[in-house]
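Fold and contact review
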Amino acid sequence: MVEKMSSEKKQTRVKVIVRVRPTLKDGVKTCVNTNNKPNTVQILNHRNIRENLMYDFSAVYDETCSQQHIYNNSIKSMISKSLNGQNVSIFAYGPTGAGKTHTMLGSGTDPGMIPRVINDLLLTIENEQNTVNDKPQKDRWQYTVTFSYLEIYNEKVQDLLEPASVDLPIREDGDHNIFVAGLAEKGITSFEEFKNYFGPASNNRTVAATKLNDRSSRSHSILMLKVKKNAMFPPNREFQGKIYLIDLAGSEDNRRTGNQGIRLKESGAINKSLFVLGEVVDAINNNQPRIPYRNSKLTRLLQDSIGGSCHSIMITNIAPEEHYYYDTYCTLNFASKSKKIVNTNTTCLKQQTSTSSLSGNTSTSGETAQTTHNFLKRNNSSKLLNENAKKPRLSPSPLISAEAPVSTDPAPLLSPLMRRQNNLENIVNLRLQEMEQNILQKITQNNISTNSDTAMTEIQRQLILCREELQKMKEEKHLLEKPNKEANRKVGKKLNSKSISSKDLKKSLPEENENNVEKVSQKSKKSEKIISQPNVVEKERKGLQDKTNQNIVVITKKEKIIKKKEKLAEVSFSPLFASVPRIFKKGFRSTACKKIFEDDEDDDFQENETPLNSEVQHQHNTDFLNILNTSSIKDLQQLHTVGNKRARLIFEWRQLHGEFESVDGLKNIPTLTDKYIKNLLHSNMVTT
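Just so you know, these numbers come straight off a predicted model, no measurement behind them.

**A closer look at the packing of helix 7 (residues 262-285) against helix 9 (residues 325-338)**
- Their axes nearest at 10 Å, the elements helix 7 and helix 9 cross at an angle of 40 degrees. Between helix 7 and helix 9, the crossing angle belongs to the class labelled oblique. Relative to helix 9, the crossing made by helix 7 is left-handed. Contacts from Leu 277, Gly 278, Val 281, Asp 282 and Asn 285 of helix 7 reach helix 9 at Phe 334, Lys 337 and Ser 338.
- For the contact of helix 7 with helix 9, the class distribution of residues is 3 nonpolar, 3 polar and 2 charged.

In structure tokens, the structure reads:
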């Protein structure tokens, strides 16, 4: 059998409907209005009391609408899509106490969406099967319905049909379909059979009481229906559809619900998953490259429903009371963003075709062909063995006979591969035997022609020659290094002495460096001090010591320079002995040596700072004043320390009060401080 997958793609938006529950008490102030325009909801604007916020949706149902009315108008049309191989998702969203569980489950007298969907689906299938004999062969189908039921409690996936304290993993198959590994599935054929499974399973769901709701759902529940539609006659097509019925837990404000302990932990898990759901919706609407489905198990399971391959219906439940205003406002904003999501709907169709006609042989002819093929295979193998015994060299592998008869196996497409595999094993065994015989012959020939003793003596002779050559190279290297070491020792002794003359340096150093020695000797005569630390030879090692500053030659002219060099000598230039850096408030810049160089930098700046000529300075001041009086905002920003904000202040002040008579006119601008004006003039080299 050959299996073929085909799909038809069509894009649809998420259908969002709003349901307003009745007030729990009479005479309570409400903040929701649904009577002005059809399919619109109005609430008060908390930013402006005189205005109202209006939201448009696919359908809006007030507190008077029944479950049957909502199902017939918005849900019932989706059942036929699942029978045609498409996915459908129906989920309830809203704050805690807004009526989500009542909408999805309902009661015994007024059932919700889940029992109505399953009952309608099974009735449709039953009607199809009752009229199957009246239809032509191409329209006769066989249906299979299975369902599974799970909850997400504290970010753990738990099976409700077969409860166990196990967190079930979420997986993705090769066709990018999301499924839960190890989740129990039950087949159903009638609504009574479904109730027998679903009743005990719904009691396993975690429910607790809070200040806002006596039976508050503490987990998200997901019921998954799988519908398979198989053709009873060729070409054996199969449609696979799914229906997701989801009851989300409501977002909670712990200040109002009074959650503590376990309830508080449950509320945190619920709010986190709903927050990730909002992030997914925002990412889809903003066309972001990565959608954060994996940030929560809820969004991972809703991947097909939101931005996936589903006909999605979102039932938004809201409460009309005023003390629910903030929850209602946030819920309507989320619903208005969700209706912009576009899903790509695909039809899952598997078409199976029979390939038994490809073999073209009967079972009897297949048996005779198989026996003939085995007989030929045995004869061929015996002939090959006889030929290989005569030929010592490697012969090419024999080809598989194209005239060998083909048998009809249970898997006709795989039988040629199996036959080729059997022939290949025999051929490989024969080739291995040939290789073994050739290797043995070559080894015997090599043993006769060569003598092992002579080979060993030749190798030993070559090793002795190599050792002699290495010894000669070592002696030559030692003779070359000896005179260089003696010359360096003589120079080192004279340099370590307290008084050094230029004549001694000339004698100890080569002629090429005589000029450099004369320059050093001339500088040493001008009141210079050579400070050197004595060489200390320690017989025993006494740990690590800082030797980075030893043998430093400091040439001084003034007492201030001497102090600076002494400070430099105290600073360690090794990372092993550096002082611990101190972190100041302005950033994480290391200022371990800041104080040592601080005074010296100021002195150097004062020494290097040379005043400008009076005429040049006057011309520079005039140019600076001219820039202040004639430049635009963009040109004013070219001045040092002048940004966009201060450039606008200077420009606007000039427009109102006229040109500046002098630089001191900047002090009249109220936002410019004296300190900033002084810094501005100093940075631009302007004097007053």
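From this point, the discussion proceeds with the structure in view.
**Brief notes about the nonpolar core**
- Grouped together as the largest cluster of nonpolar side chains are 48 residues, with contacts concentrated most on Val 41, Phe 57 and Leu 150.
- Looking at this core, the element that brings in the most residues is helix 7, giving 7 residues.
- Ranked by size, the runner-up nonpolar core spans 43 residues in total, among them Tyr 61, Ile 70, Met 104 and Ile 243.

**Regarding the environment of Leu 636**
- Mapped onto the elements of the fold, Leu 636 is located in helix 18 (residues 633-636).
- The exposure class assigned to Leu 636 is buried, which follows from its relative accessible area of 0%.
- Here the alpha-carbon distance between Leu 636 and Phe 651, two residues 15 residues apart in the chain, equals 8.3 Å.
- Residues within four places of Leu 636 in sequence aside, it is in contact with Ile 627, Leu 628, Ser 631, Val 642, Ala 647, Ile 650 and Phe 651.

**Focus: a nonpolar patch on the surface**
- On the surface, Val 428, Leu 432, Met 435, Ile 439 and Ile 443 cluster together into a nonpolar patch covering about 440 Å² of accessible area.
- As for its position among the elements, Ile 443 is in helix 11 (residues 415-449).
- Accessibility expressed as a relative area gives 44% for Ile 443, which makes it partly exposed.

**What about unusual backbone geometry?**
- Positive phi is not limited to glycine here, since Asn 154 has a value of about 55 degrees.
- Residue placement: Asn 154 occurs in the loop between strand 9 (141-153) and strand 10 (156-159).

**Focus: the packing of aromatic side chains**
- Evaluation of the coordinates by the stated rule reveals 9 aromatic pairs.
- With 5.2 Å between their ring centres and 65 degrees between their planes, Phe 147 and Phe 194 make a pair best called edge-to-face. Of this pair, Phe 147 sits in strand 9 while Phe 194 sits in helix 5 (residues 191-203); the two residues are 47 residues apart in sequence, bridging distant segments of the chain.
- Judged by relative accessible area, which is 1%, Phe 194 ranks as buried.
- Taking the centre distance of 5.0 Å and the plane angle of 40 degrees together, the rings of Tyr 149 and Phe 198 count as tilted.

**Overview of the environment of Val 686**
- Along the chain, Val 686 falls in the segment after helix 20 (674-683).
- When near neighbours in sequence (up to four residues on either side) are disregarded, Val 686 contacts Gln 617, His 620, Asn 621, Phe 624, Val 663 and Leu 681.

**Thoughts on the pattern of salt bridges**
- All chains considered together, the criterion is met by 15 salt bridges.
- Notably, a salt bridge pairs Lys 186 with Glu 162, separated by 3.3 Å at the nearest N-O pair. Of this pair, Lys 186 sits in strand 13 (residues 186-188) while Glu 162 sits in the loop between strand 10 and strand 11 (170-172); the two residues are 24 residues apart in sequence, bridging distant segments of the chain.
- By relative accessible area, which is 44% here, Glu 162 ends up partly exposed.
- Glu 266 is the partner of Arg 218 in a salt bridge, and the nearest nitrogen-oxygen pair spans 2.8 Å. Remark: Glu 266 occurs in helix 7 and Arg 218 occurs in the loop between strand 15 (216-217) and strand 16 (220-231); sequence separation between them is 48 residues. Like Glu 266, Arg 218 is buried.
- Here the residues in one salt-bridge network are Arg 218, Glu 252, Arg 263 and Glu 266, joined through shared partners.

**Looking at the sheet that holds strand 4 (residues 32-33)**
- Pairing within the open sheet is antiparallel, and its 3 strands lie in the order 4-5-6. Here the strands that pair on one side only, and so sit at the sheet edges, are strand 4 and strand 6 (52-56).
- As paired elements, strand 4 and strand 5 (residues 40-44) share 2 bridges and run antiparallel to each other. Residue pairing for strand 5: Val 32 is matched across the bridge by Ile 43.
- Contacting strand 4, strand 5 and strand 6, helix 9 runs over the sheet at an angle of about 140 degrees to strand 5.

**Considerations on the side chain of Ser 309**
- Relative to the assigned elements, Ser 309 resides in the loop between helix 8 (297-301) and strand 18 (311-318).
- In this structure Ser 309 comes out as buried when scored by relative accessible area, which is 17%.
- Non-local contacts of Ser 309, meaning those with residues more than four positions away in its chain, are made with Asn 87, Asp 304, Thr 344, Asn 345 and Thr 346.

**Considering the side chain of Asp 120**
- Tracing the backbone through its elements, the reader meets Asp 120 in helix 4 (residues 113-130).
- One buried charged residue, Asp 120, forms no salt bridge at all, with the nearest opposite charge on Lys 76 at 4.5 Å.
- Contact partners of Asp 120, with chain neighbours within four places excluded, come to Tyr 71, Lys 76 and Ile 79.

**Description of the environment of Glu 322**
- Relative to the assigned elements, Glu 322 resides in the loop between strand 18 and helix 9.
- Once residues lying within four places of it in the same chain are set aside, the contact partners of Glu 322 are Lys 29, Thr 30 and Cys 31.

**Some details on helix 4**
- The terminal C-alpha atoms of helix 4, which comprises 18 residues, lie 26 Å apart, in line with the 26 Å expected from a rise of 1.5 Å per residue.
- Those residues of helix 4 that sit buried are Met 113, Ile 114, Pro 115, Arg 116, Val 117, Ile 118, Asp 120, Leu 121, Leu 122 and Ile 125.

**Comments concerning helix 17 (residues 614-630)**
- Compared with the 24 Å implied by 1.5 Å per residue over 17 residues, the 24 Å span of helix 17 between its first and last C-alpha is a close match.
- Every buried residue of helix 17 is listed here: Gln 617, Asn 621, Phe 624, Leu 625, Leu 628 and Asn 629. Looking straight down helix 17, one finds that the buried residues subtend no more than 135 degrees of arc, so they occupy a single side. Across from the buried face of helix 17, at angles greater than 90 degrees, the exposed residues are Glu 615 and Thr 630.
- Residues of helix 17 that are buried in the fold lie against helix 18, helix 19 (644-657) and helix 20.

**Section: the pairing of strand 9**
- In terms of residue burial, strand 9 counts as a mostly covered element, since 11 of its 13 residues are buried.
- The pairing of strand 9 with strand 16 spans 12 bridges and is classified as antiparallel. Each residue of the ladder has a partner; that of Ser 148, found in strand 16, is Met 224.
- As judged from the 3 bridges shared by strand 9 and strand 13, these two strands associate in the antiparallel manner. Directly across from Phe 147, in strand 13, lies its bridge partner Lys 186.
- By the bridge criterion, 4 bridges tie strand 9 to strand 10 in an arrangement that is antiparallel. Each bridged residue has a counterpart across the sheet, and for Tyr 153 the counterpart in strand 10 is Lys 156.
- Counting the residues between successive antiparallel strands, the hairpin from strand 9 to strand 10 contains 2 residues, one of them, Asn 154, with a positive phi of roughly 55 degrees.

**Observations regarding the confidence of the model for the protein chain**
- Per-residue confidence for the protein chain gives a mean pLDDT of 74; residues scoring 70 or more make up 66%.
- Note on residues 571-578: pLDDT is under 50 here. Beyond four places in sequence and across chains, it has 16 contacts.

Cut-offs applied
All residue numbers refer to positions counted from 1 along the written sequence of the respective chain. For a predicted model such as this one, the threshold for reporting local features is a pLDDT of at least 70, and the threshold for listing and counting side-chain atom pairs is 80 or more; totals across whole chains, interfaces and linings nevertheless cover every residue. Hydrogens and waters are ignored; side-chain quantities use all the structure's heavy atoms. Only C-alpha atoms enter the line fits that serve as axes; for helices the fit covers just the stretch in contact. Angles between N-to-C directions range over 0 to 180 degrees. Secondary structure is summarised from DSSP: a helix means a run of H or I of at least four residues, a strand means a run of E of at least two, and numbering begins at the N terminus for each. Under this scheme an angle from 65 to 115 degrees is roughly perpendicular, one under 35 degrees roughly parallel, and one over 145 degrees roughly antiparallel; angles in between are oblique. For any helix crossing, the convention is left-handed if the near helix is rotated counterclockwise from the far helix by under a right angle, and right-handed if that rotation is clockwise. Contacts are assigned to residue pairs that have any heavy atoms within 4.5 Å of one another. All amino acids are sorted into three groups, where Ala, Val, Leu, Ile, Met, Phe, Trp, Tyr, Cys and Pro are nonpolar, Asp, Glu, Lys and Arg are charged, and the leftover types, Gly among them, are polar. In these notes, a set of buried Ala, Val, Leu, Ile, Met, Phe, Trp, Tyr and Cys residues joined through side-chain atoms within 4.5 Å is what counts as a nonpolar core. Here the term buried applies to any residue with accessible area under 20% of the maximum for its type, exposed to any over 50%, and partly exposed to those in between, with areas from a 1.4 Å probe on protein chains only. Like charges within 9 Å and nonpolar side chains (Val, Leu, Ile, Met, Phe, Trp, Tyr) within 5 Å are joined into patches, using only residues over 30% in relative accessible area that form no salt bridge. The Shrake-Rupley method, run with a 1.4 Å probe, gives the accessible areas here. Residue values count only the displayed protein chains as cover. For this analysis, a salt bridge means a side-chain nitrogen from Lys or Arg found within 4 Å of a carboxyl oxygen belonging to Asp or Glu. Ring pairs shown here join Phe, Tyr and Trp side chains whose ring centres sit within 6.5 Å, with only the six-membered ring taken for Trp; geometry is labelled stacked below 30 degrees between planes, edge-to-face above 60, and tilted in between. What makes two strands pair is DSSP finding at least two bridges between them. Neither His nor the chain ends is counted toward charge; the positive residues are Lys and Arg and the negative residues Asp and Glu. The length a helix should cover is 1.5 Å for every residue beyond the first. Here, the arc refers to the directions that run from the helix axis to the C-beta atoms. Here pLDDT means the predictor's own confidence in every residue, given as a number from 0 to 100.

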